[in-house]
Amino acid sequence: MRLIAALFALFGTMLVLTGCANRNQPAPVAGTAPVALPSAPEPTPEDTWVLELSTGGPVRIQLRPDKAPKHVERIKTLTRRGFYNGLTFHRVIEGFMAQGGDPMGTGEGGSELPDLEAEFNDLPHVRGVTSMARADEPNSANSQFFVMLMPTLRLDNRYTAFGRVLEGMAYVDALPRGEPPAEPGRIVRAWIEADGPPPAFPAGAPAPAAAPPRAPGDAASR
C-alpha cells in the first residue's frame, strides 16, 4: 500500500510539472509576494495615455497625477508635441520590463526639457505599471519610460511610477526582445484620450530631433 501511495504521489507531481511547462510562462520572480495596490481614482480621458504600438493595437494607460504630478505633466506635454510618435522600445527584457521614449533609440537620449525631480510614491512596480526611466542620479528622469512585464518590487521608491496599463497589455507583451532588439517595436502614435488620436506617424519618416547625448537612461537595473 505504501508503494502504491508513493506511485500515485509521484504521478501527480509529474502531471503538475507537465502542466506548468505547457503554459510556457516565465518563472515567478524570486522574492515577489502578492502586493495590495493603492486604490485608484476612476480613469478620466484627460488622464488616460494611449500608445498605438506597431505590435498590433492601442495600449491605454491610466496616468496618476495624484501620485506623480510633474511626471504626468511631462508625459502630457511631450505627447501633445508629438514627441513619442515613431519612437522605439529600445530595451525589452523578458520577464522584466519594456523601455522606450528615447529619440536616439540608444538609452542615451531625452527631450530638450529639463530633467525632473523624483516623485517616488507608493505605487508598486507590478505587471502593467508604467514608470519613468532615469540615469544613476535620482533626479534625472526626462522622457524615457518603462512598462513592467512582471513584478519587480526592488524598483519601488527608486523609480517614479506614474500610471498603469488599463487595456492592451498583450501589445506590450508582443514587443520584440533585446537591448536593443534587432527589429524593435515602435510607438506608431501617442495621444491623450481627451484629445483624440492624431494623424498616424508616416511610415519611414524621421523620428523627432534628438536632444544632445546624456547619461544612459538605464531605467531599471536587473
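Residues numbered from 1 in each chain as written. Predicted model: local features only at pLDDT ≥ 70, side-chain atom pairs only at ≥ 80, totals over all residues. Heavy atoms only, no water.

Let's talk about the pairing of strand S4 (residues 97-100)
Then comes step 1: Covered by surrounding structure in S4 are Met-97 and Gln-99 together with Ala-98 and Gly-100, the residues of both alternating faces.
Then comes step 2: Across 3 bridges, the pairing between strand S3 (residues 91-93) and S4 is antiparallel. Its bridge partner lying in S4, Arg-91 is registered against Gln-99.
Then comes step 3: With antiparallel pairing between neighbouring strands as the criterion, S3 and S4 make up a hairpin whose turn holds 3 residues, including Gly-95 at a positive phi of roughly 70°. (Buried < 20%, exposed > 50% of the residue type's maximum accessible area, 1.4 Å probe, protein only. Helix = DSSP H or I, 4+ residues; strand = E, 2+ residues; numbered from the N terminus. Pairing = 2+ DSSP bridges.)

Focus: helix H2 (residues 69-80)
Then comes step 1: A rise of 1.5 Å per residue sets the reference length of H2, with its 12 residues, at 16 Å; its end C-alpha atoms lie 16 Å apart and thus fit the reference within 8%.
Then comes step 2: Among all positions of H2, only His-71, Val-72, Arg-74, Ile-75, Lys-76, Leu-78 and Thr-79 are buried.
Then comes step 3: Looking at the buried residues of H2, the elements they touch are strand S1 (48-53), strand S2 (58-63), strand S5 (129-132), strand S7 (161-167) and strand S8 (187-192).
Then comes step 4: Phi for Gly-82, located one or two positions after H2, is positive at around 80°. (Expected span 1.5 Å × (residues − 1). Contact = heavy atoms within 4.5 Å.)

Brief notes about the nonpolar core
Then comes step 1: Residues Trp-49, Tyr-84, Phe-145, Phe-162 and Val-172 are the most contacted members of the largest nonpolar core, which totals 31 residues.
Then comes step 2: Listed by contribution, the elements that provide at least two residues to this core are S1, S2, H2, strand S6 (145-148), S7, helix H3 (169-173) and S8.
Then comes step 3: Core analysis: the second largest hydrophobic core is formed by 12 residues, Ile-93, Val-129, Tyr-159 and Ala-161 among them. (Core = buried A, V, L, I, M, F, W, Y, C linked by side-chain atoms within 4.5 Å.)

A closer look at the pattern of salt bridges
Then comes step 1: Applying the stated criterion across every chain, the model contains 13 salt bridges.
Then comes step 2: For Asp-195, the salt bridge is made with Arg-80, and the minimal N-O distance between the two is 2.6 Å. Taken together, the residues span a long stretch of sequence, with Asp-195 in the segment after S8 and Arg-80 in helix H2 at a distance of 115 residues.
Then comes step 3: With a relative accessible area of 44%, Asp-195 lands in the partly exposed category.
Then comes step 4: For Arg-80, a relative accessible area of 42% gives the class partly exposed.
Then comes step 5: Measuring nitrogen to oxygen at the nearest pair gives 2.7 Å for the salt bridge that ties Asp-173 to Arg-127. Residue Asp-173 is located in helix H3, and its partner Arg-127 is located in the loop between S4 and S5; the two are separated by 46 residues in the primary sequence.
Then comes step 6: Using a relative accessible area of 29% as the deciding quantity, one classes Asp-173 as partly exposed.
Then comes step 7: Taken together, the shared-partner salt bridges connect Glu-46, Asp-47, Lys-76, Arg-80 and Asp-195 into one network. (Salt bridge = Lys/Arg side-chain N within 4 Å of Asp/Glu carboxyl O.)

Side note on the side chain of Arg-74
Then comes step 1: Among the structural elements, Arg-74 can be located in helix H2.
Then comes step 2: Buried within the structure, Arg-74 lacks any salt-bridge partner; Asp-115 is the closest side chain of opposite charge, at an N-O distance of 5.8 Å.
Then comes step 3: Residue contacts for Arg-74: discarding those within four places in its chain leaves Ser-111, Leu-113, Pro-114, Leu-116, Met-132 and Asn-142. (Lys, Arg positive; Asp, Glu negative; His and termini not counted.)

Let's talk about the sheet that holds S3
Then comes step 1: Strand order across the open sheet formed by 8 strands is S3-S4-S6-S5-S7-S2-S1-S8, with antiparallel pairing between neighbours. Only two strands of the sheet have a single neighbouring strand rather than two, namely S3 and S8. With strand direction ignored, the average angle separating the axes of adjacent strands in the sheet is 25°.
Then comes step 2: Judged from the 3 bridges that link them, S5 and S6 form a sheet pairing that is antiparallel. Among the inter-strand pairings, Met-132 is bridged to a residue of S6, identified as Phe-145.
Then comes step 3: Packed on one face of the sheet, H2 meets S1, S2, S5, S7 and S8 and runs near 120° to S8. (Axes fitted to C-alpha atoms, helices over the stretch in contact; angles between N-to-C directions.)

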